[in-house]
Amino acid sequence: MGKHQRRDKIARLISWGHWFTFINILLCLALGSLYLEASPPSETALATLYSVVNWIGHFAFLPFVFFIILIFPLCLVLPYARILRGWAALIGSLGIVALVADLLFYRQYGYHLNSYSLAQMAKDAETVFAGASFLIILGVLLGFLVLLGFELLVANYTWKHLQELQRRRIGASATSVFVLCFFTSHLTHVWADAELYEPITQQDDMFPLSYPTTAKTLMAKHGFIDVESYQAQQQMLMVADNIRLRYPQNELLCTKRPDERSKSLIVFDRLTQQQQRQLATIATDSELVGFNGQLLGHPSRDGGLFQLVYGLPDFYQETIARQNIAPAYLKPLDDFGLQVNWYASANWSQELTLSSYYQDSDLLALQGFAPRPRNQLNIVFIDGDDFAKLPDILAKTQQHQLLVTALAPSDSESILGQQQFMPKNMAVPLYERGYSLPEHPIAGLMDLMPTLLNQTMSCAGGTKNFSNGESLTDSGERWPLIETYSPYIVIYDSEEITILDNTGQFSVYSFAEFELKKGAEPPVPVLIDALKDLKRFSRSAKTD
């Protein structure tokens, strides 16, 4: 083959590669539109425009990168059309299969494929298609062969009709649109990141292999911003003034359960080790059953009170107090004619009052505690100094379903640093009567109100519309447990504990020994799910 013939053939192969890639770009754009459909709608016009431009630029860029890396070099060193058409069809088929798999996983779970999610996908496949592994493999192979046939058809068609396609003169226009969208989306993201414009920055994880340019790294590198100032401004996104509540998440549509027994919850602020031993003895004498698991309290009594009463992370505490919002479950209980009483002992701290959250609340004196056996919900707050009154309270609630617990660990104030989040240092007692709670490895204060209400009312969507907690009467997987101990977010998983602070720094510890795992990072899907769950009842003021 002469030098000029070889050059012409290479030029023709490169031109063919562009058209083959163009057809695959259109296919990727069609699949990519399903990511847009599966994601929450943008709340501003600018964010909607950005998502469309980003969609075009990103899914045009992905096939082009594969062309540049895996096909273009072979056009230069191995200019044989049949080999390249087969190779390109194989690469295109594998890429589309990977994209379809990621798309299916994203629509199911909200994040993209990685080593963690591949294991999750395999686990789900085993559950859904138990005993049908051969059929799954056969179906996947058949689907891949059909796709490979389609890619071969595209490769051969573009090769045989190359001159006709070149005469249409749409390549330059399409390329200009794709390049313009790619750079426009990244420049827009730089601005959004610098301005902390959340409607755009929250789209960072929408598309696979998406790593948008960020202002923090780019602008700090060139001296346009001060990193410390940026971080301080970023933390403002987490303060209560920038959170607008969507609580309850949806209107509570509840029905009253037929069980009319009164329910009572006795809550100590905290108990010393000696008082916990006394409580164990009294519980045995009163036929109370200890919780078969570990209940985590809150380092502060105030934060623990909020989590228990509302079933929400203390992330929302200031917002609830500022907006004077009562617990959402009180309205359906009132509609049912069920009386809700809040009592406090004489020594109960005056700083731990419900009126700090909603002004219409009223703590009754414990001296007037005379509960009925039916259609009442009683929450009794008792100080450790009033421990001697517990037997009398238990006697008055003999016919009630009952929970007894405490808000904070006995020595939480004396433990400094992240050691305070060690499970054994966070543990508080929990005793019950009439619930027959199944075994759970771990639970938190946010689970107690859903447990108390579970046999009183049944709501559409369960308790998720008004609480981040889950009823302990339900069996099933409890990992991970996500807790907020302001300003920390703590994720308790079966193998490790992840602690994040309000600057985005994190530490990962082993669950059993609580030893720091240097260099370890939490699985991204777990982290994404945790943050989504915590912010389920909020929307940023910037998105309104």
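Everything that follows concerns the structure shown earlier in this document.
For every chain, the first residue of the written sequence is number 1, and numbering continues from 1 along that sequence. The predicted nature of this model means local features are confined to residues of pLDDT at least 70 and side-chain atom pairs, given and counted, to a pLDDT of 80 or more, with totals for whole chains, interfaces and linings taken over all residues. Side-chain metrics rest on all non-hydrogen atoms present in the structure, leaving aside hydrogens and water.

Student: What's the story with the environment of Asp362 in this structure? I'm lost.
Tutor: A run of DSSP states H or I qualifies as a helix once it reaches four residues; a run of E qualifies as a strand once it reaches two. Both are numbered from the N-terminal end. Among the structural elements, Asp362 can be located in the loop between strand 6 (339-344) and strand 7 (364-365). Residue exposure (1.4 Å probe, protein chains only): buried if accessible area is under 20% of the type maximum, exposed if over 50%, otherwise partly exposed. For Asp362, a relative accessible area of 51% corresponds to the exposed category. Asp362 sits 20 residues away from Trp342 along the chain, and the two C-alpha atoms are 7.0 Å apart.

Student: Would you mind going over the pairing of strand 14 (residues 481-485) with me for this structure?
Tutor: Each regular strand displays side chains that alternate between the two surfaces of the sheet. Extensive coverage of strand 14 is indicated by the burial of five of its five residues. Here, strands pair whenever DSSP counts at least two bridges between them. Between strand 14 and strand 15 (residues 488-492), which pair antiparallel and follow one another directly, the connecting turn spans two residues.

Student: Help me understand the side chain of Arg536, please; the structure alone is not making it clear to me.
Tutor: On the secondary structure map, Arg536 appears in the loop between helix 18 (524-534) and strand 18 (538-540). Judged by its relative accessible area of 13%, Arg536 falls in the buried class. Contact criterion: two residues are considered in contact whenever any of their non-hydrogen atoms come within 4.5 Å of each other. When residues no more than four places from it in sequence are discounted, the contact partners of Arg536 are Arg246, Gln249, Tyr316, Lys464, Ser467 and Asn468.

Student: Looking at this structure, how should I read the sheet that holds strand 8 (residues 376-382)?
Tutor: Through backbone hydrogen bonds, the strands of a sheet pair up, either in parallel or in antiparallel fashion. Spatial ordering of the open sheet is given by 4-11-9-3-8-6-7, a layout of seven strands whose pairing is mixed. The strands lining the two open edges of the sheet, one partner per strand, are strand 4 (289-290) and strand 7. Pairing geometry for strand 4 and strand 11 (residues 430-433), over two bridges, is antiparallel. Within the sheet, the bridge partner assigned to Val289 lies in strand 11 and is Glu432.

Student: Can you help me understand the pattern of salt bridges in this one?
Tutor: Side-chain pairs of opposite charge can arise whenever the charged atoms involved come near each other. Salt bridges are identified by distance alone: a Lys or Arg side-chain nitrogen within 4 Å of an Asp or Glu carboxyl oxygen. Inspection of every chain in the model, using the stated rule, returns ten salt bridges. Between Asp259 and Lys263 there is a salt bridge, and its shortest N-O distance comes to 3.9 Å. Owing to a relative accessible area of 23%, Asp259 belongs among the partly exposed residues under this scheme. The class for Lys263 is buried, based on a relative accessible area of 2%. Residues joined by salt bridges that share partners form a network here, namely Asp259, Arg261 and Lys263.

Student: Mind showing me how you'd approach the packing of helix 2 (residues 45-77) against helix 7 (residues 171-195) here?
Tutor: Running from N to C, helix 2 and helix 7 point in directions that differ by 130 degrees, and their axes come no closer than 8 Å. Judged on the interaxial angle alone, helix 7 and helix 2 are oblique. Handedness of the helix 2/helix 7 crossing: left-handed. Contacts between helix 2 and helix 7 involve Leu46, Tyr50, Val53, Asn54, Ile56, Gly57, Ala60 and Phe61 from the first element and Phe178, Cys181, Phe182, Thr184, Ser185, Thr188, His189 and Trp191 from the second. Here the axes come from fitting lines to C-alpha atoms, over the contacting stretch only for helices, and the angles between their N-to-C directions go from 0 to 180 degrees. When describing relative orientation, an angle under 35 degrees is termed roughly parallel and one over 145 degrees roughly antiparallel, while 65 to 115 degrees is termed roughly perpendicular and anything else oblique. Handedness of a crossing follows from how the near helix is turned relative to the far one, being left-handed for an anticlockwise turn of less than a right angle and right-handed for a clockwise one.

Student: Just to check I follow, could you spell out the environment of Leu437 for this structure?
Tutor: By the secondary structure assignment, Leu437 is in the loop between strand 11 and strand 12 (443-444). A C-alpha to C-alpha distance of 9.5 Å links Leu437 and Ser471, two positions 34 residues apart in sequence. Sequence-distant contacts of Leu437, defined by excluding residues within four places in its chain, comprise Phe291, Glu432, Thr451, Leu472 and Thr473.

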